[in-house]
Structures are given as structure tokens and as C-alpha cells.
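# Survey of secondary and tertiary structure
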Amino acid sequence: MATVTLKNVKKIYDNKVTAVHDFNLEIADKEFIVLVGPSGCGKSTTLRMIAGLEDISEGDLIIGEKRMNDVEPKDRDIAMVFQSYALYPHMTVYENMAFALKLKKMPKEEIDKLVREAAKILDITQYLDRKPKALSGGQRQRVAIGRAIVREPQVFLMDEPLSNLDAKLRNQMRAEIIKLRQRIDTTFVYVTHDQTEAMTLGDRIVIMKDGYIQQIGTPQQVFDHPVNIFVAGFIGSPQMNFFQGTVEKVGERYQLSVHNAVMELSAQTCEALSQAKITSKAVTVGIRPEHILFAPEGGPHTISASVDVSEMMGSEIYLHVLTQEKDVVLRVPTTELPPEYRAGIPYNTPVKFTFPADLIHLFDPETEQNLL
């Protein structure tokens with residue numbers, strides 16, 4: 001197995017467009033790293049540089065203590081699973097999985113043992129004699145993963161492997177990849193634009209935007225402590241709500257004014273603002289939909305709004321409310337609602353809500369960085 005290190009890696013195309021800027025990452029042996037971000041952020045380009053399918057313009061790629069910049073893809077001891085399965089249509093599942101091993105001139109018995117072991121892990125033994133066209137999308141993706149497993153690579157690269165599958169199958173395959181990871185215990189680098197996949201699969205996730213790394217951390221770290229507005233809005237579903245507000249020092253504490261409401265801030269937040277020597281400042285306030293609290297009655301700390309749209313999700317309702325022309329999303333478990341509202345809250349119903357002091361995020365409106 002192997003560690004993977006990217007030092008100051010850059011990708012500049014011939015038309016002088018820089019796709020990846022100064023990318024630095026150390027991936028531990030057997031770690032599962034997910035690169036996530038919107039389309040065009042450079043995540044697939046980074047993966048293709050690790051695979052050797054794209055040249056590295058600047059910087060170093062080190063796999064298992066060996067510099068790999070100029071090593072041919074076939075000699076890097078990596079295996080890659082693509083979004084488009086890339087199976088040979090004229091070969092059976094067995095032949096597809098055995099193909100790379102035959103090229104290595106491996107003995108037949110050993111090939112057979114590796115193919116059947118991988119097929120068993122992926123539960124595709126019964127399909128070994130079929131051609132790809134006789135398989136569903138999920139089965140084809142398992143074959144593509146099986147073809148990579150048999151090579152027993154140092155590093156497993158996966159480029160959006162689930163994006164061609166429907167929602168139910170994607171959830172199922174995500175669980176399969178988690179199980180697979182526990183069984184084959186190798187280093188994984190996984191690319192996706194789906195933040196749910198990133199959060200459920202990764203030991204650490206790397207969030208990218210416009211070719212730059214925005215934040216690296218465990219799923220919980222990036223959810224609880226996003227470094228900037230982009231990360232805060234990208235991670236979490238539905239996405240974080242943002243408001244314009246002001247923080248002001250009153251005595252030893254700070255208070256937050258937002259939409260005509262004045263809210264307390266936690267001791268930890270007050271301490272961070274105090275250390276930053278802030279006395280009064282305009283801020284962008286972030287609060288996740290699941291952290292907004294209904295207020296049974298109004299008060300100086302509550303925001304008034306009216307219901308615009310109720311999205312019924314079964315166990316919870318995504319409630320879109322309007323306050324001062326702004327759309328705010330609340331994520332409310334149906335068990336917390338009165339019985340008459342469990343199927344949805346009627347349009348224009350007045351509601352009041354507030355924010356828990358310890359779950360408020362504060363960002364600088366100019367730099368968009370987290371103040372805490």
C-alpha cells in the first residue's frame with residue numbers, strides 16, 4: 001500500500017488556462033480521500049494527474065516515496081474506475097476483469113483465483129459469463145470496480161463512479177463502496193460533485209473551487225467549522241442560510257443584530273471576536289436549516305416571517321419562509337409540528353424563529369472568511 005503526496009502541483013493548459021493552482025495534499029496509507037466541488041473546479045484534472053493521464057505542469061507527485069511525474073501510467077501501480085464504466089463490449093465479465101492480468105502474463109490459475117475472489121466481494125459471480133450489454137448500470141459499475149480490484153493496486157482512483165446511476169442505486173452502491181473499502185484496505189482517491197457522497201465516504205474531504213483548495217478536513221470538521229462562505233454553502237443539504245447582520249460589543253459580551261432581532265452569542269464566539277479585537281462590525285451570518293428554532297411567541301430575539309412553500313420529505317419538512325423579501329429554509333422534523341401541520345404548513349402562515357447561540361456562523365462580508 002502507499003502514501004500519495006502532491007507538492008505545489010499545478011496544471012496549466014496550452015491555452016494558458018490554469019486548471020489547478022498550487023495543490024498541496026498528503027494522503028496517508030489506506031486513507032480514503034474525497035475531492036469534491038462544483039463542475040470545473042479542477043478535481044478530475046487532479047485525479048488524472050495522479051493517474052498519469054494528464055501531465056503535471058509544475059510541482060511533484062510522490063507515490064510510496066517515489067516521484068511519479070514522468071512515470072508511465074501503467075507503471076504507477078494504480079487502478080482507475082471511470083464514470084463511464086469503460087468495459088470491453090465484446091468480452092464477458094470474466095474476460096473484462098482478467099484482461100489486465102493476462103497482459104501481465106500472470107499464470108491462469110492465479111488469474112482465475114483473483115477474478116473469482118473479486119467477483120465474490122462484489123456479488124457478481126453469477127454474471128461472470130455475461131457480456132456488459134446484458135447487465136444493469138449498477139452491475140456494470142461493479143464489474144469496472146472488480147477489474148480494478150484484481151490488479152491489487154497501491155492506489156485506487158475513482159472518478160465520479162456513481163453519477164450515471166439513479167438515486168436508489170447510487171445509495172446502494174455508496175454502501176457497497178464503504179464495505180469494499182473495509183475489505184480491500186487500500187488508499188482511495190475519490191472524485192465527486194455530490195457532497196452527500198463526500199460526507200459519507202471520505203476520511204477527509206478536499207473542497208475545491210476554481211482550481212484552488214478551499215478546505216481540507218474530516219466531514220464533521222468542514223460541516224461544523226467551514227473556513228469561508230463557499231464551503232459553508234457547499235456542504236450541507238439544504239444549504240446554509242445567510243443573512244446580513246452586525247455584531248457589537250456590549251460590556252464584556254457581544255450581541256448580534258439581524259433582521260430587527262437581537263441575539264446572544266455563545267461564550268466561545270464572544271471570546272473569538274474579542275481576540276480579533278472587534279468592537280462593532282458588519283457580518284454575514286450563517287445558520288443551517290436544521291439549526292433554526294421555531295419560537296412559540298415573539299420577542300426581541302425572534303425574526304418574523306411568513307410561510308411561502310412547504311416541501312414534504314416524509315420524516316421532515318423543508319419550510320421556505322419569507323422575511324423582509326428574503327427566502328429562508330428551515331428543516332423541521334414532522335414530529336416537532338402540531339398534527340394539523342404535519343402534511344405541510346399553509347401558504348402565508350405567520351411564523352417566528354430564532355438561532356441557537358452556539359450554532360451561529362459569522363463571516364467577514366468582504367473576505368468571506370469565517371471570523372471564528
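Scroll up for the structure.
Residues numbered from 1 in each chain as written. Predicted model: local features only at pLDDT ≥ 70, side-chain atom pairs only at ≥ 80, totals over all residues. Heavy atoms only, no water.

### What to know about the pattern of salt bridges
A side chain with one charge may pair with a side chain of the opposite charge, provided their charged atoms come close. As a reminder of what qualifies: Basic side-chain nitrogens of Lys or Arg form a salt bridge, by our definition, when they fall within 4 Å of a carboxyl oxygen of Asp or Glu. Put simply, DSSP H or I for four residues or longer makes a helix, DSSP E for two residues or longer makes a strand, and each gets a number counted from the N terminus. Classification of residues uses two cut-offs on accessible area relative to the type maximum, computed with a 1.4 Å probe and protein chains only: under 20% is buried, over 50% is exposed, and between them is partly exposed.
Under the definition given, this model contains 13 salt bridges. In this structure, Glu-31 and Arg-204 form a salt bridge, with 2.6 Å as the shortest nitrogen-oxygen distance. Pair noted here: Glu-31 is in the loop between strand E2 (18–27) and strand E3 (32–36) and Arg-204 is in strand E9 (residues 204–209), with a separation of 173 residues, a long-range link. Owing to a relative accessible area of 11%, Glu-31 belongs among the buried residues under this scheme. Between Asp-75 and Lys-74 there is a salt bridge; the shortest N-O distance is 3.5 Å. Accessibility expressed as a relative area gives 66% for Lys-74, which makes it exposed.

### Some words on the layout of surface pockets
To be explicit about the condition: The method works on a 1 Å grid over the protein atoms by themselves. A cavity is a set of points holding a 1.4 Å probe that cannot get out, a pocket is an open set with protein on both sides within 12 Å along at least five of seven lines, and residues with an atom within 4 Å of a point line them. Grid points are joined across faces, edges and corners, and a volume is the space filled by probe spheres set on the points.
The computed volume of the largest pocket comes to approximately 590 Å³. What lines the largest pocket is a set of 18 residues, and nearest its centre among them are Ile-78, Met-80, Phe-82, Ala-100 and Arg-151. Elements with a minimum of two residues in the lining of the largest pocket: strand E6 (78–81), helix H2 (93–103) and helix H4 (137–149).

### Concerning the sheet that holds strand E1 (residues 4–12)
We count it as follows: When DSSP finds two or more bridges between two strands, those strands count as paired. Contacts between residues were defined by any pair of non-hydrogen atoms, one from each residue, lying within 4.5 Å. To obtain an axis, a line is fitted to C-alpha atoms, over the contacting stretch when the element is a helix, and the angle between two such axes runs from 0 to 180 degrees between their N-to-C directions.
Strand order in this open sheet of 4 strands is E2-E1-E4-E5, and the pairing throughout is antiparallel. The open sheet has two edge strands with one neighbour each: E2 and strand E5 (66–67). This element, helix H1 (residues 43–51), spans E1, E2 and strand E4 (58–63) of the sheet and lies at about 115° to E1.

### Some thoughts on the side chain of Thr-323
Rule in force here: By the criterion applied in these results, polar contacts are pairs of N or O atoms within 3.5 Å in which, for protein atoms, one can donate a hydrogen and the other can accept it, and in which residues neighboring in sequence qualify only through two side-chain atoms.
Turning to its location among the elements, Thr-323 is positioned in strand E17 (residues 316–323). The class of Thr-323 is buried, set by a relative accessible area of 3%. At a separation of 3.5 Å, a polar atom in the side chain of Thr-323 contacts the side chain of His-259. Within the local environment of Thr-323, its side chain forms a polar contact with the backbone oxygen of Ser-304, the two atoms lying 3.1 Å apart. Setting aside residues up to four positions removed in sequence, Thr-323 forms contacts with His-259, Ile-303, Ser-304, Ala-305, Val-328 and Phe-353.

### Things to note about the sheet that holds strand E11 (residues 241–250)
In spatial order, the strands read E13-E12-E11-E14-E20; together these 5 strands make up an open sheet with antiparallel pairing. Each of the sheet's edge strands pairs with one partner strand only, and the pair in question is strand E13 (261–264) and strand E20 (361–363). Within this sheet the neighbouring strands show an average axis-to-axis angle of 40°, counted without direction. Sheet topology note: the strand E14 (residues 280–287)/E20 ladder contains 3 bridges and is antiparallel.

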